[in-house]
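Close look at the chain arrangement
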Amino acid sequence: MGRIIGVQFQENGKMYYFDSSETEVKTGDYVIVDTARGNDLGEVVMGSREVDEENWHTPLKKVIRIADEQDIKHGQENRVKEKEAFGICQKKIAEHKLEMKLVSVEYAFDNSKILFFFTANGRVDFRSLVKDLASVFKMRIELRQIGVRDEAKMLGGLGPCGRPICCGSFLDQFQPVSIKMAKEQNLSLNPTKISGVCGRLMCCLKYEQEHYEMTRKKMPKIGREVITPDGTGPVTDLNIVKETVFVRLTNGDTSEIKEYPLENITKPSDGNTNQEQARKNNGEEKTDPVYDGFAGKNAQDDLTVKSEESETDEKTIQHGTDSNITNEEKNNRKARKPVLGQPVRRENPNRSHEQKNREEAQAQPDHNETKETPNSPETSSTRSPWADALQKAMQAISQDK
């Protein structure tokens, strides 16, 4: 077990914890503690408390000693010097024409250095400013650029809720906040209503986000059909805080929106379907729609017989054993079936009907017929007109000779 105290370095500033196992202090005392910036003077705002050391996330720094009157007086003098340094630095920034806003100035307790905190839209070349300030104060100068959230944390203020801003009161570090959190909490997306004094999204949006996510998983989505004690209808709205669901119920030509607790809502996937619920309300027995329309004593047997008959018909058609299929249809199917490795023959839409008949006759020759001479009348009738014209022209030329 160890004892810790809460120390504040600025008025209404953040409280830091320190190990006071070797020093007896009480609320209101001033102590000298070891910080990341060196020794500093702070006021005890939380008295000594015993805490298990295993619960400490990081090792706490110890209290060096209780401050005396000289230490308190030196700290007050530094506060006065900080105000003077603030005005001097602002004048130097204006002289160098730098686009930066000075936020705060802090003197180290041992007067070893001065820290100037500022904000800017981008990177600022302040090397000449540092040299100018070092010549004035004759000590080490540090300029640190901070964000708008850190600026609000240092300056403090009141939030939209009327209370001191969270970052200036108790927040140790900033948590990421997104616009998605405002949407899930059904808040207005007006930037002036969901933004803090820093101009960023309010940190308090993160506080209840986990509760909204867990509750929304248990509730149905908007537009989904649900079953209520008064009937079935779609979900129109959700109240995450009260865990209630708004459902639109239709009765003839009129509709009404009612609010139901989440416990009284049943999803169709979890219980009965809408059709089964309607049948129950009408006093009808449950019937399986799969077997509707089949006659006989056993609907399952009829379904099995019908499925076997359909499979037999499909097999008959696939193997070509149906008596209704002619030999010509079989040959046409074989001709249309593509063969791997051979080009697929496509039908030319510009061919004439006579050319199609001639090509089909060549593709399926009849061996019983005798081969006819080119000058036979049967051959001339099946030829195209341009072939007959060419033959007549050749005959006229031979007669002239």
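Residues numbered from 1 in each chain as written. Predicted model: local features only at pLDDT ≥ 70, side-chain atom pairs only at ≥ 80, totals over all residues. Heavy atoms only, no water.

Moving on, we get to the environment of Lys218. On the secondary structure map, Lys218 appears in helix H6 (residues 209–218). With a relative accessible area of 48%, Lys218 lands in the partly exposed category. Taking the C-alpha atoms as reference points, Lys218 and Glu243, 25 residues apart in sequence, are found 9.4 Å from one another. Leaving out residues up to four positions away in the same chain, Lys218 has contacts with Glu243, Leu262 and Lys267. (Helix = DSSP H or I, 4+ residues; strand = E, 2+ residues; numbered from the N terminus. Buried < 20%, exposed > 50% of the residue type's maximum accessible area, 1.4 Å probe, protein only. Contact = heavy atoms within 4.5 Å.)

Attention now goes to the nonpolar core. One broad trend across soluble globular proteins is that nonpolar side chains are buried collectively. Core analysis: the biggest nonpolar cluster contains 17 residues, and Met100, Phe116, Leu133, Phe137 and Leu143 have the highest contact counts within it. Mapped by element, the contributors of at least two residues to this core are helix H1 (69–96), strand E6 (101–107), strand E7 (113–119), helix H2 (127–137) and strand E8 (140–145). Within the second largest apolar cluster, twelve residues are counted, among which are Tyr212, Leu238, Val247 and Tyr260. (Core = buried A, V, L, I, M, F, W, Y, C linked by side-chain atoms within 4.5 Å.)

With that out of the way, let us pick up the pairing of strand E3 (residues 30–35). In this sheet, strand E4 (residues 38–51) lies alongside E3 in antiparallel orientation, the contact comprising six bridges. Its bridge partner being in E4, Asp34 is matched across the sheet by Asn39. Linkage of E3 to E4, two consecutive antiparallel strands, is achieved through a turn of two residues. In this sheet, strand E5 (residues 63–66) lies alongside E3 in antiparallel orientation, the contact comprising three bridges. Directly across from Val31, in E5, lies its bridge partner Ile66. (Pairing = 2+ DSSP bridges.)

With that out of the way, let us pick up a nonpolar patch on the surface. Where nonpolar side chains cluster on the molecular surface, the patch consists of Trp386, Leu390, Met394 and Ile397 and spans about 480 Å² of accessible area. The exposure class assigned to Trp386 is exposed, which follows from its relative accessible area of 61%. (Patch = residues over 30% accessible without salt bridge, like charges linked within 9 Å, V, L, I, M, F, W, Y side chains within 5 Å. Areas by Shrake-Rupley, 256 points an atom, 1.4 Å probe, with all protein chains shown as cover. Salt bridge = Lys/Arg side-chain N within 4 Å of Asp/Glu carboxyl O.)

In this section: the packing of aromatic side chains. What the rule picks out here adds up to four aromatic pairs. Aromatic pair Phe9 and Tyr16: ring centres 5.8 Å apart, planes at 50 degrees, arrangement tilted. When its relative accessible area of 21% is taken as the criterion, Phe9 is described as partly exposed. A ring pair is formed by Phe9 and Phe18, whose centres lie 6.2 Å apart and whose planes are at 85 degrees; its orientation type is edge-to-face. The class of Phe18 is buried, set by a relative accessible area of 5%. Every member of this aromatic cluster is reached through a ring pair, and the members are Phe9, Tyr16 and Phe18. (Phe/Tyr/Trp six-rings, centres within 6.5 Å; stacked < 30°, edge-to-face > 60°.)

In total, this model carries two cavities of 30 Å³ or more according to the counting rule given. In this structure, the largest cavity encloses a volume near 40 Å³. If you trace the largest cavity, you find it lined by Asp19, Ser20, Ser21, Glu22, Thr23, Lys62 and Val63. Here the residues of the lining of the largest cavity are counted per class, giving one nonpolar, three polar and three charged. (1 Å grid on protein atoms, 1.4 Å probe; cavity = no way out; pocket = protein on both sides within 12 Å on 5 of 7 lines; lining within 4 Å. Points joined across faces, edges and corners; volume = space filled by probe spheres on them. Nonpolar A, V, L, I, M, F, W, Y, C, P; charged D, E, K, R; others polar.)

Structurally, the α-helix is built with 3.6 residues per turn, so residues lying three or four positions apart point the same way. Regarding H6, the residues found buried are Gln209, Tyr212 and Thr215. Burial along H6 is one-sided: seen end-on, the buried residues are contained in an arc of 135 degrees. Across from the buried face of H6, at angles greater than 90 degrees, the exposed residues are Glu210, Met214 and Lys217. Against helix H4 (179–184) lie the buried residues of H6. (Arc of directions from axis to C-beta.)

Turning to the side chain of Asp132, a few remarks are in order. Its place among the elements puts Asp132 in helix H2. A polar contact is formed between the side chain of Asp132 and the side chain of Lys92, at a distance of 3.5 Å. (Polar contact = N/O pair within 3.5 Å; in protein donor to acceptor, adjacent residues only side chain to side chain.)

Attention shifts here to the environment of Val197. Looking at the element boundaries, Val197 is found in the loop between helix H5 (191–194) and H6. With 40 residues separating them along the chain, Val197 and Gly157 place their C-alpha atoms 7.8 Å apart. Not counting residues up to four positions away in its chain, the partners in contact with Val197 are Ala152, Leu158 and Ile165.

What follows is about the sheet that holds strand E9 (residues 225–228). Pairing in this open sheet of four strands is antiparallel, and the strands run E9-E10-E11-E12 from one edge to the other. The strands lining the two open edges of the sheet, one partner per strand, are E9 and strand E12 (254–261). Pairwise comparison of adjacent strand axes, ignoring direction, gives a mean angle of 45 degrees for this sheet. Bridge count between strand E10 (residues 231–239) and strand E11 (residues 244–251): four bridges; the pairing is antiparallel. Looking across to E11, one finds that Leu238 is bridged to Val245. (Axes fitted to C-alpha atoms, helices over the stretch in contact; angles between N-to-C directions.)

What follows deals with the confidence of the model for the protein chain. Scored by pLDDT, the protein chain has a mean of 76; 69% of the residues are at 70 or more. This stretch, residues 284–323, has a pLDDT under 50; its non-local contacts, to residues over four places away or in other chains, come to 17 contacts. Contacts from residues 366–381, a stretch scored under 50 in pLDDT, to residues over four places away or in other chains number seven contacts. (pLDDT = per-residue confidence, 0-100.)

A few words on the sheet that holds strand E2 (residues 15–19). Overall, antiparallel pairing links the five strands, which are arranged E2-E1-E4-E3-E5 in an open sheet. Each edge of the open sheet carries a strand with a single partner, namely E2 and E5. Shown here is a sheet whose adjacent strand axes are inclined to one another by a mean of 45 degrees, direction ignored. Where strand E1 (residues 2–8) and E4 come together, six bridges link them in antiparallel fashion. Within E4, the position partnered with Val7 by the bridge is Val44. Contacting E3, E4 and E5, H1 runs over the sheet at an angle of about 120 degrees to E4.

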